[in-house]
Amino acid sequence: MKWDKRDLLGLEQLTKDEIIFILDTADSFKEISTRAIKKVPTLRGKTAVLLFLEPSTRTRVSFELAAKRLSADMVNISASTSSMLKGESLRDTVRNIEAMKVDLVIMRHSMAGAPHRLAGEIEPGVINAGDGCHEHPTQALLDMFTIREKKGRLKGLKVAIIGDISHSRVARSNIWGLTKVGAEVVIAGPPTYIPPYIEKMGVKVKYRVEEAIKGVDVVMVLRIQRERQGKNLIPSLREYRKIFGINRDRLKIAKPDALIMHPGPVNRGIELDPDVADGPQSVILEQVTSGVAIRMAVMYLLSGVKSENPD
Ligand code: CP
């Protein structure tokens, strides 16, 4: 397959074949991170800018390591150290970065659609590293990569996504991606965390976690995103934990070999008990490892397009 997209804004825009192609490309990059010398010259001479206007540990470090392992040059910009603090608009900031002839802009922003807007205005490829409650495409790709690596397939698997679906870009990207590749997705959470009409995305909705995780292959647990909630949508964290938290007893309802996943950061003892987060079924840190390979693959594919089609 020939890759012909210059931006990665979400999984909504990708076909099943494009998603599988990224996962297959990441397969070939994963081994590089296990070498003593973790570096190849693939993107030598390319420059990527990390423009993170929201906090991040995993995504930011993962993109930076991916760039370094491919020998690309990487520049970091954060809201607190840029001229945006002096009132410069995001558009002006990015147009100035573009003027310095970079190849990729990797952006995290609290507003849904911010990377889409920029992609329409600038020449460098844009990678969405999370836009508000909308999409987080590389997270869903690394989640699918991890599931495929552990289970040997994606098609026909049952995946439960539990928690704060309304505020979760991870949930949205996973729903787009997993349903396109033929997995069955069921979501569960308190009614205040379930967006209206979400069934139209091809998922089943349950309001009892026990019903959602019965017999599933994967339990994907989401963080309660208190920073995005204007008012209290649940009575208390204690009650949430009691009714929706994933603990050892609840996990027994899923298949015995079900994977426990979480995009991080984890609110330990709220959505996920520590002994499950660190238990034998957890692949949370393997998700993080997969993230570097996925981001190497995405940067590689998008950079190839830019070098071949400069218009
Ligand atoms: N999963 C994820 O996006 O984590 P960070 O916010 O730490 O990047």
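Look up a bit, the structure's there.
Residues numbered from 1 in each chain as written. Predicted model: local features only at pLDDT ≥ 70, side-chain atom pairs only at ≥ 80, totals over all residues. Heavy atoms only, no water.

A.B. asks: Can you break down the nonpolar core residue by residue, with the values?
C.D. replies: Among the nonpolar cores identified, the biggest contains 64 residues, and Ile 106, Leu 141, Ile 161, Ile 187 and Met 299 are the most heavily contacted of them. A per-element tally of this core places helix α11 (residues 284-308) first, with nine residues. Apart from residues no more than four positions distant in its own chain, Met 299 is found in contact with Leu 43, Ala 48, Phe 63, Ala 66, Ala 67, Met 74, Leu 104, Ile 106 and Ile 127. With 25 residues, the next largest nonpolar core counts Ile 213, Val 221, Ile 246 and Ala 277 among its residues. (Core = buried A, V, L, I, M, F, W, Y, C linked by side-chain atoms within 4.5 Å. Buried < 20%, exposed > 50% of the residue type's maximum accessible area, 1.4 Å probe, protein only. Helix = DSSP H or I, 4+ residues; strand = E, 2+ residues; numbered from the N terminus. Contact = heavy atoms within 4.5 Å.)

A.B. asks: Give a description of the pattern of salt bridges that names residues and reports values.
C.D. replies: Scanning the entire structure with this criterion turns up 22 salt bridges. Among the ionic pairs, Glu 210 bridges to Arg 208, the shortest N-O distance being 3.7 Å. Its relative accessible area of 22% is what places Glu 210 among the partly exposed residues. Close ionic contact of Asp 275 with Arg 248 constitutes a salt bridge, the shortest N to O distance being 3.0 Å. Of the two residues, Asp 275 sits in helix α10 (residues 274-277) while Arg 248 sits in helix α9 (residues 248-251), which places them 27 residues apart along the sequence. On the basis of relative accessibility, which here comes to 56%, the residue Arg 248 falls in the exposed class. Through salt bridges that share partners, Arg 208, Glu 210, Glu 211 and Arg 250 make up one connected network. (Salt bridge = Lys/Arg side-chain N within 4 Å of Asp/Glu carboxyl O.)

A.B. asks: Outline the packing of helix α1 (residues 16-30) against helix α5 (residues 137-151), listing residues and values.
C.D. replies: It is the contact of α1 with α5, at a shortest axis distance of 10 Å, that shows an interaxial angle of 70 degrees. In terms of axis orientation, α1 runs roughly perpendicular to α5. The segment α1 lies against α5, with Ile 19, Ile 20, Ile 22, Leu 23, Asp 24, Ala 26, Asp 27 and Lys 30 engaging Leu 141, Met 144, Phe 145, Arg 148 and Glu 149. Residues belonging to the contact of α1 with α5 are distributed by class as follows: eight nonpolar, no polar and five charged. (Axes fitted to C-alpha atoms, helices over the stretch in contact; angles between N-to-C directions. Parallel < 35°, antiparallel > 145°, perpendicular 65-115°, else oblique. Nonpolar A, V, L, I, M, F, W, Y, C, P; charged D, E, K, R; others polar.)

A.B. asks: A description of the site of the ligand should follow, citing residues and the corresponding values.
C.D. replies: Surveying the vicinity of the ligand reveals the residues Ser 56, Thr 57, Arg 58, Thr 59, Arg 108, His 136, Gln 139, Pro 263 and Gly 264. In the environment of the ligand, a nitrogen atom lies 3.1 Å from a nitrogen or oxygen atom belonging to the side chain of Gln 139. One can see that the ligand is located within the largest pocket. Class assignment of the residues belonging to the shell around the ligand gives a composition of one nonpolar, six polar and two charged. (Near = heavy atom within 4 Å. Polar contact = N/O pair within 3.5 Å; in protein donor to acceptor, adjacent residues only side chain to side chain. 1 Å grid on protein atoms, 1.4 Å probe; cavity = no way out; pocket = protein on both sides within 12 Å on 5 of 7 lines; lining within 4 Å. Sits in = over half its atoms within 2 Å of the grid points.)

A.B. asks: For the side chain of His 136, give the residues involved together with the corresponding values.
C.D. replies: As for its position among the elements, His 136 is in the loop between β4 (125-131) and α5. In terms of polar contacts, His 136 uses its side chain to reach the side chain of Thr 59, at 3.4 Å. Only 3.2 Å separates the side chain of His 136 from the side chain of Arg 108, close enough to count as a polar contact. With near-sequence residues (within four places) excluded, His 136 lies in contact with Thr 59, Arg 108, Ala 129, Gly 130, Arg 169, Val 170, Ser 173 and Arg 295.

A.B. asks: Let's hear about empty space enclosed by the protein: which residues, and what values?
C.D. replies: Under the definition given, this model contains one cavity of 30 Å³ or more. Here the largest cavity is characterised by a volume of approximately 70 Å³. Taken together, Arg 58, Thr 59, Ser 62, Gln 139, Leu 142, Pro 263, Gln 287, Val 288, Gly 291 and Arg 295 make up the full set of residues lining the largest cavity. Taken together, the elements giving at least two residues each to the lining of the largest cavity come down to α2 (58-69), α5 and α11. Looking at the lining of the largest cavity element by element, the count peaks at four residues for α11. For the lining of the largest cavity, the class distribution of residues is three nonpolar, five polar and two charged. (Points joined across faces, edges and corners; volume = space filled by probe spheres on them.)

A.B. asks: Any chance you could break down the environment of Ser 173 for me, citing the residues and the numbers?
C.D. replies: Checked against the element boundaries, Ser 173 lands in helix α6 (residues 169-180). For Ser 173, a relative accessible area of 0% gives the class buried. When the C-alpha positions of Ser 173 and Gly 130 are compared, they lie 9.8 Å apart, and in sequence the two are 43 residues distant. Contact partners of Ser 173, with chain neighbours within four places excluded, come to Leu 11, Glu 135, His 136, Pro 137 and Ala 140. In terms of polar contacts, Ser 173 uses its side chain to reach the backbone amide nitrogen of His 136, at 2.8 Å.

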